[in-house]
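One letter stands for each residue in the lines below.
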Amino acid sequence: MRVISVVGTRPNIVKIAPVARLLRGTPGVDHLLVHTGQHYDTEMSDSIFEDLELSQAEVNLGTGSGTHAEQTATVLMRFEQVLHRTKPDWVIVAGDVNSTLGCALAAAQAEVRVAHVEAGLRSFDWRMPEEVNRVLTDRIAALLFTHCEDADQNLAREGIPSDRVHRVGNVMIDSLVEVLRRPGRAGIVQGLGLRPGEYALLTLHRPENVDDLPTLLRILGAVRELATQIPVIFPMHPRTACRLDSVPASEASRIWRGIHRTRPLGYRDFLKAVQEAALVVTDSGGVQEETTYLGIPCVTVRENTERPITVRLGTNVVAGTSLEGIRQACRQAREARGWSREIPPLWDGKAAPRIVEHLLRAADRA
Ligand code: UD1
């Protein structure tokens, strides 16, 4: 059986790595890793392969940056050629980025079966490109691997037959467990002269938060208030860094008081920084899950989340994007140490073996 696994962006690599490593060692499986090239910088892509001990992709589509339509269309056209050349039985895609939809659509059109890892998540916010990507990918997929009950219910509501849906747990936690198990080296925190438990960590990259400068500056205003109480580390996503380049130098020193800006961190360094933070402020989806697993209070700077289980069971507080909302949520989260919080069922570091088992079973039936 020939299987192609697809990665395109930083979070895709984290999700696919444990599955790809297993498939590469599975007898009877001819596995090919395809990188769409949506993310291409060392920090956004190459170093994550090293941290996850995943050998580089056999094929890179070299997609690069662009509008949503340009990115999706480029992936669609270039992946179609790979499908024609390699004739796989299955294509595995993960998450909700433009590469996910582009490859799933190309596979469907080439009549290749698609397996979707992290299926069924819904923000119910159709303005998010990720929501469109998720819904369409789930519609296309023949096998849908979910990580929580909410996802199963969302899929049932959309009429996806239940025999296609398998709750396998959270592959991101597989990667986290694997990487944090290895002995660490001195991380970014010590490098900045900060101490474990005595700093907050910030990540921001969602277009709705960072593309509009007044919105971004409002969010940073709330973070600046936090920074008067506790130092903040801010590894900047390229999208955010690019937007902030336009801030006049005269204003910059005021904006950055108490905030330590860094380039994007490697995966391992980032997880270490999360693990030792007093508080994380983020608009990322994956970070909401990582903080829940690690029991670190998390303030999500968004109006909604497609991961409500991290609020219900975990450490997540959805703050919205107003100054007052973020202020209140930070207060709530800083008082949260000692909350009784749970790790969601099946977030146990063993999701990838379950995925491979289901895939092999489905292949046997075909
Ligand atoms: C994409 C995903 C988002 C995911 C995020 C993780 C979509 C719709 N969005 O958003 O869901 O949470 O990845 O990071 O697929 N850039 C670089 N170097 C890189 C990659 C990008 O400098 O290696 C810059 C480019 O200027 C680019 C911008 O970052 O225009 C945004 O990159 P893009 O891939 O379009 O989307 P992300 O914001 O990363």
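This is a predicted model, so every value here is computed, not measured.

Rules of the game
Residues numbered from 1 in each chain as written. Predicted model: local features only at pLDDT ≥ 70, side-chain atom pairs only at ≥ 80, totals over all residues. Heavy atoms only, no water. Helix = DSSP H or I, 4+ residues; strand = E, 2+ residues; numbered from the N terminus. Rg over C-alpha atoms; globule rule 2.2 N^0.38 Å. Buried < 20%, exposed > 50% of the residue type's maximum accessible area, 1.4 Å probe, protein only. Contact = heavy atoms within 4.5 Å. Lys, Arg positive; Asp, Glu negative; His and termini not counted. Charge placed at Lys NZ, Arg CZ, Asp CG, Glu CD. Near = heavy atom within 4 Å. Polar contact = N/O pair within 3.5 Å; in protein donor to acceptor, adjacent residues only side chain to side chain. Areas by Shrake-Rupley, 256 points an atom, 1.4 Å probe, with all protein chains shown as cover. Pairing = 2+ DSSP bridges. Axes fitted to C-alpha atoms, helices over the stretch in contact; angles between N-to-C directions. Salt bridge = Lys/Arg side-chain N within 4 Å of Asp/Glu carboxyl O. Phe/Tyr/Trp six-rings, centres within 6.5 Å; stacked < 30°, edge-to-face > 60°. Core = buried A, V, L, I, M, F, W, Y, C linked by side-chain atoms within 4.5 Å.

J.: How should I be thinking about the overall build of the protein in this particular structure?
T.: Counting its secondary structure elements, the protein contains 17 helices and 13 strands. By the compact-globule yardstick of 21 Å for 366 residues, the protein fits well, its C-alpha radius of gyration being 20 Å. Seen along its three principal axes, the alpha-carbon backbone of the protein occupies a region of about 60 × 45 × 40 Å. Put simply, the protein has 366 residues, and 58% of those count as buried. Counting only contacts in the protein whose residues sit at least 6 apart along the sequence, the fraction spanning at least 24 positions is 70%. Counting 43 positive and 45 negative side-chain charges, the protein places the centres of these two groups 2 Å from one another.

J.: Could you clarify how one ought to interpret the site of the ligand in this entry?
T.: Taken together, 18 residues form the shell around the ligand, and within it His 39, Tyr 40, Glu 130, His 205 and Arg 239 come nearest. Within the contact set of the ligand, an oxygen atom lies 3.3 Å away from a side-chain nitrogen or oxygen of Gln 71. Within the side chain of Glu 130, one N or O atom sits 2.5 Å away from an oxygen atom of the ligand. With the chains in place, 86% of the 750 Å² that the ligand exposes on its own is no longer accessible. When contributions to the shell around the ligand are tallied by element, the ones reaching two or more residues are α3 (68-86) and α11 (238-244).

J.: Just checking my understanding: could you explain the sheet that holds strand β8 (residues 200-203) for this structure?
T.: Through backbone hydrogen bonds, the strands of a sheet pair up, either in parallel or in antiparallel fashion. Judged by pairing direction, the sheet is parallel, and its six strands sit side by side in the order β10-β9-β8-β11-β12-β13 without closing on themselves. In this open sheet, the two strands that pair with only one neighbour each are β10 (259-262) and β13 (316-318). Geometrically, the sheet is characterised by an average inter-axis angle of 20° between neighbouring strands, direction not taken into account. With two bridges joining them, β8 and strand β9 (residues 232-235) adopt parallel strand pairing. Residue Leu 201 lies in a different strand from β9, and its bridge partner there is Ile 233.

J.: Help me understand the pattern of salt bridges in this model?
T.: Where side chains of opposite charge bring their charged atoms close, a pairing between them can arise. According to the stated counting rule, one finds 28 salt bridges in the structure shown. With its nearest N and O atoms 3.5 Å apart, the salt bridge here joins Glu 178 to Arg 181. Of this pair, Glu 178 and Arg 181 both sit in helix α7 (residues 171-181), three residues apart, which is roughly one turn of the helix. Exposure remark for Glu 178: the relative accessible area of 24% places this residue in the partly exposed category. For Arg 181, a relative accessible area of 61% corresponds to the exposed category. One network of salt bridges, with partners in common, ties together Lys 15, Asp 96, Glu 118, Glu 131, Arg 134, Glu 289, Arg 302, Glu 306 and Arg 307.

J.: I keep staring at the environment of Arg 10 and nothing clicks. Help me out?
T.: Here Arg 10 is to be found in helix α1 (residues 10-24). Excluding its chain neighbours within four sequence positions, the residues that come into contact with Arg 10 are His 39, Glu 43, Met 44, Ile 48, His 237, Pro 264 and Leu 265.

J.: Quick question: what am I supposed to make of the environment of Lys 272 here?
T.: Tracing the sequence through the fold places Lys 272 in helix α13 (residues 267-275). The class of Lys 272 is partly exposed, set by a relative accessible area of 25%.

J.: Please explain the packing of aromatic side chains as it appears in this structure.
T.: One pair of aromatic rings is described through two measures. These are the centre distance and the angle between the planes. This structure, assessed with the given rule, holds one aromatic pair. Taking 6.0 Å as the distance between ring centres and 40° as the angle between the ring planes, the aromatic pair formed by Phe 234 and Trp 256 counts as tilted. Remark: Trp 256 occurs in the loop between α12 (249-255) and β10 and Phe 234 occurs in strand β9; sequence separation between them is 22 residues. Take Phe 234 and Trp 256: they sit in the same class, and that class is buried.

J.: Could you clarify how one ought to interpret helix α14 (residues 285-294) in this entry?
T.: The periodicity of an α-helix, 3.6 residues per turn, causes residues three or four positions apart to be oriented the same way. Burial of α14 is extensive: eight of the 10 residues sit out of reach of the surface. Among the residues of α14, Gly 285, Gly 286, Val 287, Gln 288, Glu 289, Glu 290, Thr 291 and Thr 292 are the ones counted as buried. For α14, the elements touching its buried residues are α7, α13, β11 (279-282), β12 (298-300), α15 (309-312) and β13. The backbone nitrogen of Gly 286 lies 3.2 Å from a side-chain oxygen of the residue at the head of α14, namely Ser 284. Just downstream of α14, Gly 295 is the residue with a positive phi angle, here 70°.

J.: How should the nonpolar core be read in this particular structure?
T.: Soluble, globular proteins show a tendency: their nonpolar side chains are buried together. Formed by 43 residues in total, the largest nonpolar core has its most connected members in Val 19, Leu 23, Leu 33, Leu 52, Ile 92, Tyr 267 and Leu 359. In terms of residue count, α1 provides more of this core than any other element does, seven residues in total. In this view, Leu 359 contacts Val 3, Leu 23, Trp 90, Ile 92, Ala 115 and Leu 143; residues no more than four positions away in its chain are not counted. Membership of the second largest hydrophobic core comes to 33 residues, among which are Ala 200, Leu 213, Ile 255 and Cys 330.

Everything listed here is a matter of coordinates, which is why it stays silent on function.
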